[in-house]
Amino acid sequence: MTTIATTNPATGRVEKTFDALAEDEIDRRIGRAATAFASYRTTAIGERAAWMRAAADILDGEAGRIGAMLTAEMGKTLKAAEAEARKCAAACRYYAGRAAGFLADRPADAAAVGASGAYVRYQPLGPVLAVMPWNFPLWQVIRFAAPGLMAGNTGLLKHSSNVPQTALFLEDLFRRAGFPEGVFQTLLIGSGDVERVLRDPRVRAATLTGSEPAGRSVAAIAGDEIKPTVLELGGSDPFVVMPSADVAAAAEAAAASRCLNNGQSCISAKRFIADIGVADEFERRFVEAMTALSVGDPMRESTDVGPLATERGRADVEELVADATGKGATVLCGGRRPDGPGWFYPPTVLSGVTPEMRVYHEEVFGPVASLFRVRGVSEAVEVANATGFGLGSNAWTREPDERERFVRELDAGQVFINGTTTSYPELPFGGVKRSGYGRELSEQGMHAFCNAKTVWVA
C-alpha cells in the first residue's frame, strides 16, 4: 500500500501522514473535472487571467510559508524553496498576460485553399492528468497548470507521495484565487491508481515529469487509449569547457549547476567535459568550488546543499559511486555520507569514469559529477552525445565557430552557451531521446493541450 506522508529529509522523521483517496472519491473528482470543463472552457480569457494573477499574488505573498513547507517535504534549501514560489508567481503572470495572444486565431492563406476565409483556432482538450515529481514540487506543477488552465483545460494532479502537503496546497491555491470548483484538483493516490485515471474516457490527455519507467508506463497506457501526452524524463546533461572559455566562471557555474536542488535536477549538468588545454585548471577550480559548498540544515541561510529527498535516493547515489570506484574511478572530493541523522550526501567529483561504469550511462540524482578530458570540439561532441538522454546541454567557448558547432551538433532539447541550463516561461522546455518528447512552457507549452482546429469558410 502506498504511503502518502511528509517525511523530513533532514531528520528522517515522519511529520504527517495522509489517507489515499478511495475509488469512489477518485471517480467523483474525475466527474467534477469533466463537469467543470463544460462551463469553464467558455469563460472569458480576461476572467481566467484575473484568477491567475490572484494565484500569483498568493504565491508571492506567502513565499516564506510555502518555502518552509517545500523544505520540510523534500529538503531543498529554504532560500531555494522561496525562490521557487516566486518563480511560479512570475509564470502565472506570464501566462495571464500572454494567453490571449497565444490562443488568438491564426490566419492562413485563404486564397491558396480556395476559401473566403481560413484560419486555425486553438481550443482546450478537457481534463488533463498531471503526474508530477517531488524535486521541484511547486514549479513542475505550475508550468503545466498555468498554461493549461489559461487555455481552458481543467487539471487533475497526481503528485509524488512524499510531497502531499504541497499537492494539497496547489489545489487550495487555485480555489483561493477564484477558479471555479473542480477546475484544479489534487488526487492523493498511489502510482497503482494512475492507470485507471488515465484510462477514464473523461480524462483527455496527460503530462508526466519523472523517471523513464514511469514515462514508459504512462506513454503506453495513453497510446492504447489514443490520448496525447507530454513527457519530461531524466537527463545527464553535458557541460563542455573549451580553451577559449572563462574557466573560472565556468567552474563556479559548474558547481552551482551540479548541486542545484541538492543535486536533484533533471537539467543540472552532470558530465563535465574539459578540453585538454584547460582540463587541469578546470578540474582544480571545479573541485575547489564543490568542496567549498556548505552541506547542512536546509533551513539555515548559509547552507548551500541540503539532504537528498529520500533514503532510497541517497542509497541509489551511493551505489553508483561505489560501482564507479570499484571499477577504477577516482574520488577527487566527497564520496562518503556524513555521520548523523538525515539523508545528506556531500558534493562529489569523480574522474577516470569509463563506459564500464553505471555512472557513465545512468542519471545520478544527487550532487555527484563525472569529469572527462577531450581533445577538440569533435571529441567533446562525441562524449557529450554518448548518452541515451537529451534534455539540456551547456557549452563554454568564446569562439563563434565552436559555438555554432555545439548548437548544431549537441543532441539535446536545449543548448546554453556560456551559461547553465534553466527553465523560463518564455522558452520551450523539453528533451529528445530518452529524455522524453513534447514541450512545456512558452507558447508551445500552451498549445500542447489544445486542439489546433482548422477552419475553412467558402
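What counts as what
- Residues numbered from 1 in each chain as written.
- Predicted model: local features only at pLDDT ≥ 70, side-chain atom pairs only at ≥ 80, totals over all residues.
- Heavy atoms only, no water.
- Salt bridge = Lys/Arg side-chain N within 4 Å of Asp/Glu carboxyl O.
- Helix = DSSP H or I, 4+ residues; strand = E, 2+ residues; numbered from the N terminus.
- Buried < 20%, exposed > 50% of the residue type's maximum accessible area, 1.4 Å probe, protein only.
- 1 Å grid on protein atoms, 1.4 Å probe; cavity = no way out; pocket = protein on both sides within 12 Å on 5 of 7 lines; lining within 4 Å.
- Points joined across faces, edges and corners; volume = space filled by probe spheres on them.
- Nonpolar A, V, L, I, M, F, W, Y, C, P; charged D, E, K, R; others polar.
- Pairing = 2+ DSSP bridges.
- Contact = heavy atoms within 4.5 Å.
- Phe/Tyr/Trp six-rings, centres within 6.5 Å; stacked < 30°, edge-to-face > 60°.
- Lys NZ or Arg CZ within 6 Å of the ring centre and 35° of its normal.

Q: Sorry if this is basic, but what is going on with the pattern of salt bridges here?
A: Once the charged atoms of two side chains with opposite charge are near each other, the side chains can pair. Under the counting rule described, the total for this entry stands at 39 salt bridges. Two residues, Glu-62 and Arg-65, come together in a salt bridge whose shortest N-O distance is 2.7 Å. For the salt bridge of Arg-199 with Asp-224, the shortest nitrogen-to-oxygen distance reads 2.8 Å. Of this pair, Arg-199 sits in helix H7 (residues 194–199) while Asp-224 sits in helix H8 (residues 212–225); the two residues are 25 residues apart in sequence, bridging distant segments of the chain. Judged by relative accessible area, Arg-199 falls into the partly exposed class, the value being 27%.

Q: How should I be thinking about the layout of surface pockets in this particular structure?
A: In this approach, a probe sized like a water molecule rolls over the atoms, and the result shows the empty space that is left. If you add up the space inside the largest pocket, you get close to 1300 Å³. What lines the largest pocket is a set of 48 residues, among which Trp-134, Ser-160, Gly-210, Ser-211 and Ala-214 lie closest to the centre. Contributing elements (two or more residues each) for the lining of the largest pocket: strand S1 (4–7), H7, strand S8 (205–209), H8 and helix H11 (311–326). The class makeup of the residues in the lining of the largest pocket is 20 nonpolar, 18 polar and ten charged. Estimated volume of the second largest pocket: approximately 440 Å³. For the second largest pocket, the lining is made up of 24 residues, of which Lys-87, Phe-136, Leu-260, Ser-265 and Thr-422 are closest to its centre.

Q: Sorry, what's going on with unusual backbone geometry here?
A: Glycine aside, a negative phi is what most residues show, and trans is what most peptide bonds show. Of note in this structure, Asn-262 is not a glycine but carries a positive phi near 60 degrees. Within the secondary structure, Asn-262 is located in the loop between helix H9 (247–258) and strand S11 (269–275). You can call Asn-262 buried: its relative accessible area is 1%. One non-glycine residue, Leu-441, lies in positive phi territory at about 65 degrees.

Q: Hey, could you run me through the sheet that holds strand S3 (residues 106–107) in this one?
A: By way of backbone hydrogen bonds, the strands of a sheet pair with one another, either parallel or antiparallel. Spatial ordering of the open sheet is given by S3-S4-S18, a layout of three strands whose pairing is antiparallel. Edge positions in the open sheet fall to S3 and strand S18 (450–457), since each of these has one partner strand only. The pairing of strand S4 (residues 117–124) with S18 spans eight bridges and is classified as antiparallel. When the bridges of S18 are listed, Val-120 appears paired with Thr-454.

Q: Can you help me understand the environment of Leu-208 in this one?
A: Considering the arrangement of structural elements, one finds Leu-208 in strand S8. Residue class for Leu-208 comes out buried when judged on its relative accessible area of 2%. Once the C-alpha coordinates of Leu-208 and Val-230 are considered, the two residues, 22 residues apart in sequence, prove to be 6.4 Å apart. In contact with Leu-208, other than residues within four places in its own chain, are Val-131, Met-132, Ala-214, Gly-215, Val-218, Val-230, Leu-231, Glu-232 and Leu-233.

Q: In this structure, what is going on with the packing of aromatic side chains? I would like to understand it.
A: When we look at a pair of aromatic rings, we describe it by the centre distance and by the angle of the planes. Counted by the stated rule, this structure contains 15 aromatic pairs. Note on Tyr-40 and Phe-179: the rings are 6.4 Å apart at their centroids and 55 degrees apart in plane angle, and the pair reads as tilted. Taken together, the residues span a long stretch of sequence, with Tyr-40 in helix H1 (residues 23–40) and Phe-179 in the loop between helix H6 (164–177) and strand S7 (184–186) at a distance of 139 residues. Pair check on accessibility: Tyr-40 and Phe-179 agree, each one buried. Relative to Phe-286, the ring of Phe-272 lies with its centre 4.7 Å away and its plane at 40 degrees, an arrangement referred to as tilted. Placement of Phe-272 in strand S11 and of Phe-286 in helix H10 (residues 279–292) is noted, with a sequence separation of 14 residues between them. Accessibility expressed as a relative area gives 0% for Phe-286, which makes it buried. An aromatic cluster is present here, built from Tyr-40, Trp-51, Phe-174, Phe-179 and Phe-184 joined pairwise through their rings. A cation over an aromatic ring shows up here: Lys-87 above the ring of Trp-139, its NZ or CZ 4.5 Å from the ring centre.

Q: Mind showing me how you'd approach the pairing of strand S13 (residues 348–351) here?
A: For a regular strand, side-chain orientation follows a simple rule: the groups alternate between the two sheet faces. Alternating residues of S13 divide into Thr-348 and Leu-350 and Val-349 and Ser-351, and every residue in both groups is buried. In this sheet, S13 lies alongside strand S12 (residues 330–333) in antiparallel orientation, the contact comprising three bridges. Counterpart to Thr-330 in the pairing with S13 is Ser-351. Sheet topology places S13 next to strand S14 (residues 368–374); three bridges connect them, and they run parallel. Each residue of the ladder has a partner; that of Thr-348, found in S14, is Val-368.

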